[in-house]
Amino acid sequence: MANVQYREVKRKAAVGERIRVVKAGYTMGRYNNGDEFVVNHVDRDDDVYVSIEGKDRLICLSEFVVLEPIASSPLTSDPLYAAFRQFVADNADELRRLLPEIDPPGISVGGIVGAPVTVADSGAVVARTPKLTRAKVITKATADVAELLRIGNTPFTRLPEQGPFFSDFFTVRFHVNRTKRTVTTLVYRGLGETRVPDAKFTAKCSPADVFHAEIGKAIALRKALGLTVPTEYTDAPQPDKPRVGARVSDDMGTGVVTEFDGYRGIEVNGGPCGGGFWTYTDGYHGATTLDDTDVDYGDVSAKGVAA
C-alpha cells in the first residue's frame, strides 16, 4: 500500500477489492479491527471470503469497509503547480470577481463539466453546488420509486438500508388522493397482496406546500419500507409560477391552468369562453398553485402519475 492513499467506503465489495475490518464481530480469533484483506469471493448475502493463513475465511458485510484508491494528480509534483496555487491564493479576491464573468462552459471541476466555480479562502478553485430545482427533485423521486419497486421484485437484491424488508420480496400499492393531497403506500411481503398489508404509511402534503404525486410516493414508500427520506423530498423547492397543467386557486375560483401567456396572465379551465376564467400569476389576483402533478417541466414529464 506504499505511496497509495485510500478512502474508506461503507458498501458491498467486489472480487479483487481491498477491505479493512472496522467492526470485528465473528472473528474466531482470526482477524481484528484494522486488518486489511483482498476479496477472493463474494456470496449471495454480500459477505466476503479472504485468505487468512492460506485458507478462505468469511468476513460479514457488517464488519468491513471497502478501501477505494484516491487518484493523485500528476500536477502535485510539478513545481509550476505550487507557484500557480500560490498565485491563486494571493489573488483570490480578484479571481472571485472575475470568475462569474468568465465561467467558460467547457471547464471541468471535480468531474463536473461546465460547473460554475468559485475560489475558496485557501486559494482552491472549487465547484459551486448546482441549484436544486423542483424538476430535479421530481426526476429523483420518480427514479427512486422505480428502483425500490425493482428491488422488491428481483431475486438476490437488497434495499440500500437495513429495515424490515431489507432482503425480502415485496409488493407495493399506491393510493393517491389529490383532493386530500395524500399518498398512501401499502407494502405486502412477497410477490402478491394479502388481506392485510405488512406496512402502511400515508404522506400528507403540508398546506404551505404544492402537492406532487411522485414526491408523495417516494416519501410514503421510503417511510413504509423503513428507509431514510432524503431532505430534497420534504424540502422540495416550490414552483416559481403557475404552469400549464397545474391546479391553481385564487379569488376567481379553482381550476387547471390551460394557457400561460409567458408573462403574467394565465387561462384557467379554458378561460372565460370555455366556462373558466383568466387571472394573473402575481399581484392582487395572484393565483396560488395547489398541485403540479400534471405539469411537464421540460424534460421531466409528470403527466399521468396519479391516474
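The structure presented is a predicted model; accordingly, all values stated were derived computationally and were not measured.

Novice: Which parts of the structure should I look at to understand the overall build of the protein?
Specialist: In terms of regular secondary structure, the protein is built from 5 helices and 20 strands. Here the protein, with 307 residues, has 34% of them falling under the buried criterion. Put simply, of all contacts in the protein between residues at least 6 apart along the chain, 47% involve residues at least 24 apart. A total accessible area of about 18000 Å² is found for the protein, and carbon and sulfur atoms account for 54% of it.

Novice: Whenever I open this one, the packing of helix H3 (residues 134-152) against helix H4 (residues 213-225) confuses me. Can you help?
Specialist: Packed helices, taken two at a time, are described by the angle their axes make and the gap between the axes. Running from N to C, H3 and H4 point in directions that differ by 40°, and their axes come no closer than 8 Å. Between H3 and H4, the crossing angle belongs to the class labelled oblique. For the crossing formed where H3 meets H4, the hand is left-handed. Contacts between H3 and H4 involve Arg-134, Val-137, Ile-138, Ala-141, Thr-142, Asp-144, Val-145, Leu-148 and Leu-149 on the former and, on the latter, Glu-214, Ile-215, Lys-217, Ala-218, Leu-221, Arg-222 and Leu-225.

Novice: Can you help me understand the environment of Val-39 in this one?
Specialist: Within the secondary structure, Val-39 is located in strand E3 (residues 36-42). Judged by its relative accessible area of 2%, Val-39 is buried. Taking C-alpha positions, Val-39 is 7.2 Å from Ile-19, a pair spaced 20 residues apart along the chain.

Novice: Please clarify how the sheet that holds strand E4 (residues 48-52) should be interpreted in this entry.
Specialist: Paired through their backbone hydrogen bonds, the strands of a sheet run either parallel or antiparallel. The sheet built from 6 strands is open, its strands ordered E1-E6-E2-E3-E4-E5 with antiparallel pairing. Two strands lie at the open edges of the sheet, namely strand E1 (5-9) and strand E5 (55-59), each paired on one side alone. Averaged over all neighbouring strand pairs, the angle between strand axes comes to 50°, with direction disregarded. In terms of strand pairing, strand E2 (residues 18-21) meets strand E6 (residues 64-70) through 4 bridges, oriented antiparallel. Following the sheet pairing, Arg-20 is matched in E6 by Val-65.

Novice: What is the right way to look at the packing of aromatic side chains in this model?
Specialist: Working definition: an aromatic ring pair is given by the centre-to-centre distance plus the angle between the planes. All told, the structure shown has 2 aromatic pairs when counted by the stated rule. When the centroid spacing of 6.4 Å and the interplanar angle of 80° are considered together, the rings of Tyr-31 and Phe-37 count as edge-to-face. Using a relative accessible area of 12% as the deciding quantity, one classes Phe-37 as buried. Centroid distance Phe-165 to Phe-170: 6.0 Å. Interplanar angle 70°. Geometry classified as edge-to-face. Residue Phe-170 is classed as buried on the basis of its relative accessible area, which comes to 1%. Stacked on the ring of Phe-64, the Lys or Arg Lys-10 has its end atom at 5.7 Å from the ring centre. Cation over ring: Lys-217 sits above Phe-174, and NZ or CZ is 5.3 Å from the ring centre.

Novice: What am I meant to see in the side chain of Thr-182 here?
Specialist: Relative to the assigned elements, Thr-182 resides in strand E12 (residues 182-189). Judged by relative accessible area, Thr-182 falls into the buried class, the value being 12%.

About the criteria used
Residues numbered from 1 in each chain as written. Predicted model: local features only at pLDDT ≥ 70, side-chain atom pairs only at ≥ 80, totals over all residues. Heavy atoms only, no water. Helix = DSSP H or I, 4+ residues; strand = E, 2+ residues; numbered from the N terminus. Buried < 20%, exposed > 50% of the residue type's maximum accessible area, 1.4 Å probe, protein only. Contact = heavy atoms within 4.5 Å. Areas by Shrake-Rupley, 256 points an atom, 1.4 Å probe, with all protein chains shown as cover. Axes fitted to C-alpha atoms, helices over the stretch in contact; angles between N-to-C directions. Parallel < 35°, antiparallel > 145°, perpendicular 65-115°, else oblique. Left-handed = near helix turned anticlockwise from the far one by under 90°. Pairing = 2+ DSSP bridges. Phe/Tyr/Trp six-rings, centres within 6.5 Å; stacked < 30°, edge-to-face > 60°. Lys NZ or Arg CZ within 6 Å of the ring centre and 35° of its normal.

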